[in-house]
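Spelled out from the first residue to the last, the chains are:
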Amino acid sequence: MAISSTDISNRIVEAVLAQKLAPGSRLGEQELALLFDCSRTIVREALTRLAARGIVTVSARRGWYLIEPSQDEAREAFEARRVIETGLIRQSAGGVRKEALKRLKLHLQQEKAALRQDDIGKRSYLLGDFHVCLADCLGNSLLADTLRDYTARTTLIAMRYQSTHDAEQSCEDHVRIVEALERGAIAEAEALMAEHIGTVQAALSVSTAPDPLARLREALAPVRAAGANPDTTSAQLLRTAPPKAAARKRSAAGSPDSSDDSSTYLGKLL
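Residues numbered from 1 in each chain as written. Predicted model: local features only at pLDDT ≥ 70, side-chain atom pairs only at ≥ 80, totals over all residues. Heavy atoms only, no water.

1. A look at the overall build of the chain
Moving on, step 1. Summing up its helical and strand segments, the chain has 12 helices and 2 strands in all.
Moving on, step 2. Helices and strands in the chain line up, N terminus first, as α-α-α-β-β-α-α-α-α-α-α-α-α-α.
Moving on, step 3. A buried classification covers 40% of the 270 residues belonging to the chain.
Moving on, step 4. In the chain, of all internal contacts separated by at least 6 residues, the share reaching a separation of at least 24 is 73%.
Moving on, step 5. Summed over its atoms, the accessible surface of the chain is roughly 15,400 Å², and 50% of this surface lies on carbon and sulfur atoms. (Helix = DSSP H or I, 4+ residues; strand = E, 2+ residues; numbered from the N terminus. Buried < 20%, exposed > 50% of the residue type's maximum accessible area, 1.4 Å probe, protein only. Contact = heavy atoms within 4.5 Å. Areas by Shrake-Rupley, 256 points an atom, 1.4 Å probe, with all protein chains shown as cover.)

Following this line, the structure appears as structure tokens:
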């Protein structure tokens, strides 16, 4: 059966939720077409949909990239999630169906299993997908789709701003929310959800702009052999100037812009 643009967009969102694709990752049309064995037209349709959903952005010269949310966009995304998710719980005052509770408990079991196995990708996906599952169990599939997109955005935000939030704490928060729903304590469940989202947001390091070269700088730091002369490695120290300052220096020196780096290989990520 031929793959559809919906299948491709879903796979990309799943990779984001599993933290396998970082903010700013390039999504090349040709690479994706080869991976999914389809035409670039289908890939372009999938990426266009993701752009409309606010998950990717496109540049006429450079191509398609996952978004890199600003601090204001991060704040707005968490505010939107807080309004949507607490509102969903508030509207469930009539009670949650037994089938829905059973499904939520199964999801919690999967979260705990992923934590025990230390499977970072699966753990991240399940912790984010809990909120989508909750919306679906509360009977609103439309908002479940909306939450999937917002959860993908906040996952990218957490990666961009190096969230320190503990995965085990997130799972415990989810358990407490489901327990409150099972008891019919809707106001308590609503308060727990608001607290949970606030805690995740508070764990973001948004006081300073993220360093786009942090991982590369760490990887390329010189390895000094025992007894080596410090002067022999001083020339290997990497630039620590802010990106804008570095760009100005390159411009002054007439160096070409290196912003069009080749994309990360996607085969292992999707």
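2. Some points on the packing of helix H8 (residues 167–183) against helix H9 (residues 186–202)
Moving on, step 1. Running from N to C, H8 and H9 cross one another at 165°; their axes reach a closest spacing of 8 Å. One element, H8, and the other, H9, form an angle in the roughly antiparallel class. When you trace H8 past H9, the crossing you get is left-handed. Residues Ser-170, Asp-173, His-174, Arg-176, Ile-177, Ala-180, Leu-181 and Arg-183 of H8 touch H9, and the partners they reach there are Ile-186, Glu-188, Ala-189, Leu-192, Met-193, Glu-195, His-196 and Val-200. (Axes fitted to C-alpha atoms, helices over the stretch in contact; angles between N-to-C directions. Parallel < 35°, antiparallel > 145°, perpendicular 65-115°, else oblique. Left-handed = near helix turned anticlockwise from the far one by under 90°.)

3. Remarks on the environment of Val-132
Moving on, step 1. For Val-132, the location among the structural elements is in helix H6 (residues 120–137).
Moving on, step 2. Considering only alpha carbons, one finds Val-132 and Thr-146, 14 residues apart in sequence, at a separation of 8.5 Å.
Moving on, step 3. For Val-132, the contacting residues outside a window of four places in its chain are Ala-144, Leu-147, Arg-148 and Thr-151.

4. Comments concerning the side chain of Ser-124
Moving on, step 1. Mapped onto the elements of the fold, Ser-124 is located in helix H6.
Moving on, step 2. Every residue in contact with Ser-124, bar those within four places of it in the chain, is listed here: Leu-17, Ala-18, Gln-19 and Thr-155.

5. A look at the pairing of strand E1 (residues 56–59)
Moving on, step 1. Note that E1 and strand E2 (residues 63–66) share 4 bridges and pair antiparallel. Within E2, the position partnered with Ser-59 by the bridge is Gly-63.
Moving on, step 2. The hairpin turn running from E1 into E2, its antiparallel successor, is 3 residues long. (Pairing = 2+ DSSP bridges.)

6. Observations concerning the packing of aromatic side chains
Two descriptors summarise a pair of aromatic rings, namely the distance from one centre to the other and the angle between the planes of the rings.
Moving on, step 1. Counted by the stated rule, this structure contains 0 aromatic pairs.
Moving on, step 2. For the cation-ring pair, Arg-153 lies above Tyr-150, with the distance from its terminal atom to the ring centre recorded as 5.0 Å. (Phe/Tyr/Trp six-rings, centres within 6.5 Å; stacked < 30°, edge-to-face > 60°. Lys NZ or Arg CZ within 6 Å of the ring centre and 35° of its normal.)

7. Here we look at the nonpolar core
For soluble globular proteins, the rule of thumb is that nonpolar side chains tend to be buried together.
Moving on, step 1. Grouped together as the largest cluster of nonpolar side chains are 35 residues, with contacts concentrated most on Ile-89, Leu-104, Leu-134, Ile-157 and Leu-181.
Moving on, step 2. Sequence-distant contacts of Ile-89, that is, excluding residues within four places in its chain, are made with Leu-134, Leu-138, Ile-177, Leu-181, Ile-186, Ala-189, Glu-190 and Met-193.
Moving on, step 3. One finds Ile-12, Val-13, Val-16 and Trp-64 within the second-largest nonpolar core, a separate group that totals 23 residues. (Core = buried A, V, L, I, M, F, W, Y, C linked by side-chain atoms within 4.5 Å.)

8. Some words on the packing of helix H2 (residues 29–36) against helix H3 (residues 40–52)
Moving on, step 1. The N-to-C vectors of H2 and H3 enclose an angle of 110°; their axes lie 9 Å apart at closest approach. The angle between H2 and H3 falls in the class roughly perpendicular. Crossing handedness for the pair H2 and H3: right-handed. For the pair H2 and H3, contact is made by Glu-29, Gln-30, Leu-32 and Ala-33 and by Arg-40, Val-43, Arg-44 and Leu-47, respectively.

9. Some details on a nonpolar patch on the surface
Moving on, step 1. Taken together, the side chains of Leu-213, Leu-216 and Leu-220 present a nonpolar region at the surface, about 290 Å² in accessible area.
Moving on, step 2. By secondary structure assignment, the location of Leu-220 is in the loop between helix H10 (214–219) and helix H11 (230–234).
Moving on, step 3. With a relative accessible area of 52%, Leu-220 lands in the exposed category. (Patch = residues over 30% accessible without salt bridge, like charges linked within 9 Å, V, L, I, M, F, W, Y side chains within 5 Å. Salt bridge = Lys/Arg side-chain N within 4 Å of Asp/Glu carboxyl O.)

10. Some thoughts on H2
Moving on, step 1. Of the positions making up H2, those classed as buried are Glu-29, Leu-32, Ala-33 and Phe-36. The buried residues of H2 occupy one face: seen down the axis, they fall within an arc of 100°.
Moving on, step 2. Elements in contact with the buried residues of H2: helix H1 (5–17), H3 and E2.
Moving on, step 3. Backbone geometry just downstream of H2 places Asp-37 in the positive-phi region, at approximately 55°. (Arc of directions from axis to C-beta.)

11. Describing the environment of Gln-30
Moving on, step 1. The topology assignment puts Gln-30 in helix H2.
Moving on, step 2. Accessibility expressed as a relative area gives 38% for Gln-30, which makes it partly exposed.
Moving on, step 3. Linking Gln-30 and Arg-40, residues 10 residues apart in sequence, is a C-alpha distance of 6.4 Å.

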